[in-house]
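# Chain and residue survey
What follows is the residue order along each chain.
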Amino acid sequence: METEKIMDSMSTELSGALKGLAKAKTIEEKVAYSQVVRNLSESMGVFLNLAADGMMDYDFEDD
């Protein structure tokens, strides 16, 4: 799967989880949604760090 599609999917899932967290009534629901939000955020961070590392290794002057 293409990196951009993965990031879009995770972004969509994160948005849905945040909306679910806002609507959650019980502590159990809030904990479950917050865990999903945390996991998705960390996963997106990994992709962004990889992209940043890749950009730092790229020599733009060669183009």
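Provided above is the structure to which this section pertains.
Residues numbered from 1 in each chain as written. Predicted model: local features only at pLDDT ≥ 70, side-chain atom pairs only at ≥ 80, totals over all residues. Heavy atoms only, no water.

What follows is about the nonpolar core. Listed in full, the seven residues of the largest apolar core are Met 7, Met 10, Leu 14, Ala 17, Val 37, Leu 40 and Met 44. Elements represented by at least two residues in this core include exactly α1 (3-23) and α2 (27-57). The dominant element in this core, judged by the number of residues it contributes, is α1, at four residues. Sequence-distant contacts of Met 10, that is, excluding residues within four places in its chain, are made with Leu 40, Ser 43, Met 44 and Phe 47. (Core = buried A, V, L, I, M, F, W, Y, C linked by side-chain atoms within 4.5 Å. Buried < 20%, exposed > 50% of the residue type's maximum accessible area, 1.4 Å probe, protein only. Helix = DSSP H or I, 4+ residues; strand = E, 2+ residues; numbered from the N terminus. Contact = heavy atoms within 4.5 Å.)

Considering all chains together, one arrives at one salt bridge under this definition. Salt-bridge contacts for Arg 38 lead to Glu 42; the nearest nitrogen and oxygen are separated by 3.1 Å. With Arg 38 and Glu 42 both in helix α2 and four residues apart, this pair spans about one turn of that helix. Given a relative accessible area of 56%, Arg 38 falls into the exposed group. Since its relative accessible area comes to 44%, Glu 42 is described here as partly exposed. (Salt bridge = Lys/Arg side-chain N within 4 Å of Asp/Glu carboxyl O.)

Turning our attention to α1. Taking 1.5 Å of rise per residue, 21 residues should cover 30 Å, and α1 covers 30 Å from first to last C-alpha, within 8% of that figure. Residues of α1 that are buried include every one of Met 7, Met 10, Leu 14, Ala 17 and Gly 20, and no others. On an axial view of α1, the arc spanned by its buried residues comes to 145 degrees, and they lie on one face. Turned more than 90 degrees off the buried face of α1, the exposed positions are Glu 4, Lys 5, Thr 12, Lys 19, Ala 22 and Lys 23. (Expected span 1.5 Å × (residues − 1). Arc of directions from axis to C-beta.)

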